[in-house]
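Structural overview
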Amino acid sequence: MKTIRVEEIANYAGQEVAVRGWVYNRTDKGKLVFLLVRDGSGFVQCVAFKGDLSEALFEQIVRLPQESSVIVSGLVREDKRAPGIPGGYEIGVRDLQIVQAAAEDYPMALKEHGPDFALDHRHLWIRMPSQWAILRVRATVIAAIREWFDTHGFLNVDAPILTPAACEGTTTLFETEYFDEGKAYLTQSGQLYNEANIMAFGKVYCFGPTFRAEKSKTRRHLTEFWMVEPEIAFCDLDQLMEIEEQFVTHIVRRVLRDRGPELRSLGRDLSKLENIAPPFPRISYDEAAKKLQELYEAETDPEKKELLKFEWGIDFGSPHETALTNLYDKPLFVYGYPTAVKAFYMEPWPGRPEVCKSVDLLAPEGYGEIIGGSERMSSYDLLLQRIHEHGLPEEAFKWYLDLRKYGSVPHSGFGMGVERTVAWLCGIEHIREAIPYPRTIKRVYP
Ligand code: 4AD
Ligand code: MG
């Protein structure tokens with residue numbers, strides 16, 4: 001008999017198969033026992049009928065604790081009402097082998113205990129259908145990211161994780177003693193190394209974990225998150241936006257193609273994602289400021305009005321990003337932010353030094369910034385000045401300054417946070433469910 005994966009069950013209607021997995025749920029109806037069995041690739045309903053089985057086996061099934069590991073075999077039947085992921089098929093049990101009967105004290109209804117309990121039991125929580133579905137989407141997002149870059153002329157060149165200096169401001173650095181070399185820091189971004197790498201390889205991307213000692217406890221911040229960062233030689237801000245919209249569209253399409261059952265099981269409205277195609281709307285920070293002013297004036301609820309308060313020069317808070325993106329049904333580019341709220345390495349806007357050639361991509365439905373990027377500064381002298389203004393140690397940036405001396409070219413790049421992207425695609429509340437083992441200001445366990 002063939003052992004199948006539940007995700008392929010539609011190919012086996014009318015056949016005898018075996019499924020190896022775990023009992024996620026059990027419902028007893030007298031002579032019938034319904035087991036929801038998960039095998040890692042899906043969830044399938046298995047129906048045990050007393051008349052089909054030996055009395056001893058049926059008695060064991062009736063008492064089978066949740067999370068017992070089992071090998072079930074039987075006949076696959078199509079039934080539109082059968083629950084499961086993908087669902088629509090069930091197995092009429094002919095035989096069941098218990099690999100291990102689980103201990104009876106499995107923390108059953110994890111959800112009823114609230115988020116801290118669930119997070120303390122993350123090692124078990126990932127077995128639940130919602131968490132399982134999110135992490136399956138995450139894997140496909142990562143595959144789609146690599147697929148797009150690998151087929152569009154980018155070379156994967158990874159950046160170090162232990163670094164001598166800050167890339168994204170000195171306030172969120174994790175530091176560690178590094179032998180006799182003094183302090184080292186966990187990377188906030190591989191960008192500066194990408195800038196060296198494009199002068200060797202033209203178009204590159206790095207992809208790995210990045211770290212920010214974020215004091216903020218929001219649903220959008222982790223202290224350890226995964227970022228993919230492409231960098232492109234001979235590329236300006238407009239070309240960068242074209243790359244971003246093609247790239248993001250590819251990810252959305254691949255997830256829709258491969259993870260429909262998972263998204264549906266999460267209750268995601270797929271029509272919102274099917275909509276997404278280039279071109280994405282583009283507005284300047286100045287235009288965004290004007291729109292926010294209009295929204296502020298039109299708002300009648302005093303609490304919401306307070307949150308929308310805005311003046312030119314400040315960075316967007318999440319209420320601002322949400323209000324702006326609610327005006328569109330696609331991701332929104334906002335470019336030309338004030339120099340003062342952005343990192344030290346961004347090229348100034350020609351004739352307007354108070355503005356820089358930066359662009360953020362804001363996801364729809366209130367998910368906010370998923371990509372931050374910019375054209376990079378070309379002038380050696382100005383870059384050195386910025387390094388000083390930002391209180392960064394010049395010695396640690398010598399190599400970076402070299403890049404402006406030996407064949408510098410206009411170049412641009414961006415970083416996309418994997419977890420924020422996954423949270424948006426899955427339509428979930430909190431970013432911590434978009435990574436297998438979240439790290440936040442109050443959590444390093446499990
Ligand atoms: O906007 P950020 O800080 O940009 C950079 O780090 C650039 N050096 C990237 C580059 O141009 N190569 O971060 C980029 C993205 C954000 O848009 C967001 O999606 C994600 O990284 N991100 C976080 N995700 C989760 N938790 C945090 N604390 C995050 N900080 C940034
Ligand atoms: Mg940013």
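This text follows the structure it describes.
Conventions and cut-offs
- Residues numbered from 1 in each chain as written.
- Chains lettered and ligands numbered in written order.
- Predicted model: local features only at pLDDT ≥ 70, side-chain atom pairs only at ≥ 80, totals over all residues.
- Heavy atoms only, no water.
- Helix = DSSP H or I, 4+ residues; strand = E, 2+ residues; numbered from the N terminus.
- Expected span 1.5 Å × (residues − 1).
- Polar contact = N/O pair within 3.5 Å; in protein donor to acceptor, adjacent residues only side chain to side chain.
- Pairing = 2+ DSSP bridges.
- Buried < 20%, exposed > 50% of the residue type's maximum accessible area, 1.4 Å probe, protein only.
- Contact = heavy atoms within 4.5 Å.
- Near = heavy atom within 4 Å.
- Areas by Shrake-Rupley, 256 points an atom, 1.4 Å probe, with all protein chains shown as cover.
- Nonpolar A, V, L, I, M, F, W, Y, C, P; charged D, E, K, R; others polar.
- Axes fitted to C-alpha atoms, helices over the stretch in contact; angles between N-to-C directions.
- Parallel < 35°, antiparallel > 145°, perpendicular 65-115°, else oblique.
- Left-handed = near helix turned anticlockwise from the far one by under 90°.
- Salt bridge = Lys/Arg side-chain N within 4 Å of Asp/Glu carboxyl O.

1. Digging into helix α6 (residues 237-258)
Given a rise of 1.5 Å per residue, 22 residues ought to cover 32 Å, and the 32 Å separating the end C-alpha atoms of α6 matches this to within 8%. Structurally, the start of α6 carries an N-cap: the backbone nitrogen of D238 is 3.2 Å from a side-chain oxygen of D236.

2. Quick notes on the sheet that holds strand β11 (residues 183-186)
What the three strands build is an open sheet, ordered β9-β11-β10; its pairing is antiparallel. Looking at which strands have only one partner, the edges of the open sheet turn out to be β9 (162-163) and β10 (175-177). Relative to β11, β10 runs antiparallel, the two being bridged by three bridges. Paired with E177 across the bridge in β11 is K183.

3. Concerning helix α5 (residues 191-201)
Here α5 has its buried residues at Q191, L192, N194, E195, N197 and I198. Against the buried residues of α5 lie β12 (203-211), β13 (224-233), α13 (398-402) and β20 (411-417). Positive phi appears at G202, one or two residues downstream of α5, with a value of about 85 degrees.

4. Concerning the site of ligand 1
In the neighbourhood of ligand 1, 23 residues make up the surrounding shell, with E168, Q191, E229, E369 and I370 lying closest. Note that an oxygen atom of ligand 1 is positioned 2.9 Å from one of the side-chain N or O atoms of R376. Interatomic distance of 3.4 Å between a backbone N/O atom of F414 and a nitrogen atom of ligand 1. For ligand 1, whose free accessible area comes to 630 Å², the fraction covered by protein is 94%. For the shell around ligand 1, the elements supplying multiple residues, two or more each, are β13, β19 (368-375) and β20. In the shell around ligand 1, the residues fall into eight nonpolar, seven polar and eight charged.

5. Quick word on the packing of helix α4 (residues 129-150) against helix α14 (residues 418-426)
In contact at an axis separation of 10 Å, α4 and α14 are set at 120 degrees when each is read in the N-to-C sense. One way to sum up the angle between α4 and α14 is to call them oblique. Handedness of the α4/α14 crossing: right-handed. Residues I134, V137, R138, V141, I142 and I145 of α4 touch α14, and the partners they reach there are V418, E419, V422, L425 and C426. Along the lines of polarity and charge, the residues of the contact of α4 with α14 split into nine nonpolar, no polar and two charged.

6. Here's the deal with the pattern of salt bridges
The full count for this structure, using the stated rule, is 33 salt bridges. For R282, the salt bridge goes to E245, with nearest N and O atoms at 3.2 Å. With R282 in strand β14 (residues 282-284) and E245 in helix α6, this residue pair connects regions lying 37 residues apart in the sequence. Overall, the relative accessible area of 29% leaves R282 in the partly exposed class. A single network of salt bridges, built from pairs that share partners, joins R5, E7, R136, R259 and E262.

7. Considering the pairing of strand β18 (residues 358-363)
Counting buried residues along β18, six of its six residues qualify, which places the element largely inside the surrounding structure. The side-chain alternation of β18 yields two buried faces, one formed by S358, D360 and L362 and the other by V359, L361 and A363. Judged from the four bridges that link them, strand β15 (residues 332-335) and β18 form a sheet pairing that is antiparallel. When the bridges of β18 are listed, F333 appears paired with L361. Sheet topology places β18 next to β19; six bridges connect them, and they run antiparallel. Bridged to D360 within β19 is G372. Linking β18 to β19, which pair antiparallel, is a turn of four residues; within it E365 sits at a positive phi near 60 degrees.

8. Re the environment of D52
When you line up the elements, D52 lands in the loop between β4 (43-49) and α1 (55-62). Given the relative accessible area of 48%, D52 is considered partly exposed. Between the C-alpha atom of D52 and that of V93, which follows or precedes it by 41 residues, the distance is 7.9 Å.

9. Description of the environment of V255
Relative to the assigned elements, V255 resides in helix α6. Relative accessible area serves as the criterion here: at 1%, V255 is assigned to the buried category. Along the backbone, V255 and L425 are 170 residues apart, and their C-alpha atoms lie at a distance of 8.3 Å. Dropping the residues within four chain positions of it, V255 is found in contact with V137, T140, V141, G260, L263 and L425.

10. Some thoughts on the side chain of T210
Along the chain, T210 falls in strand β12. According to the relative accessible area criterion, T210 is buried, its value standing at 3%. For T210, the residues in contact, after removing those within four places along its chain, are T187, Q188, S189, T223, E224, F225 and M227.

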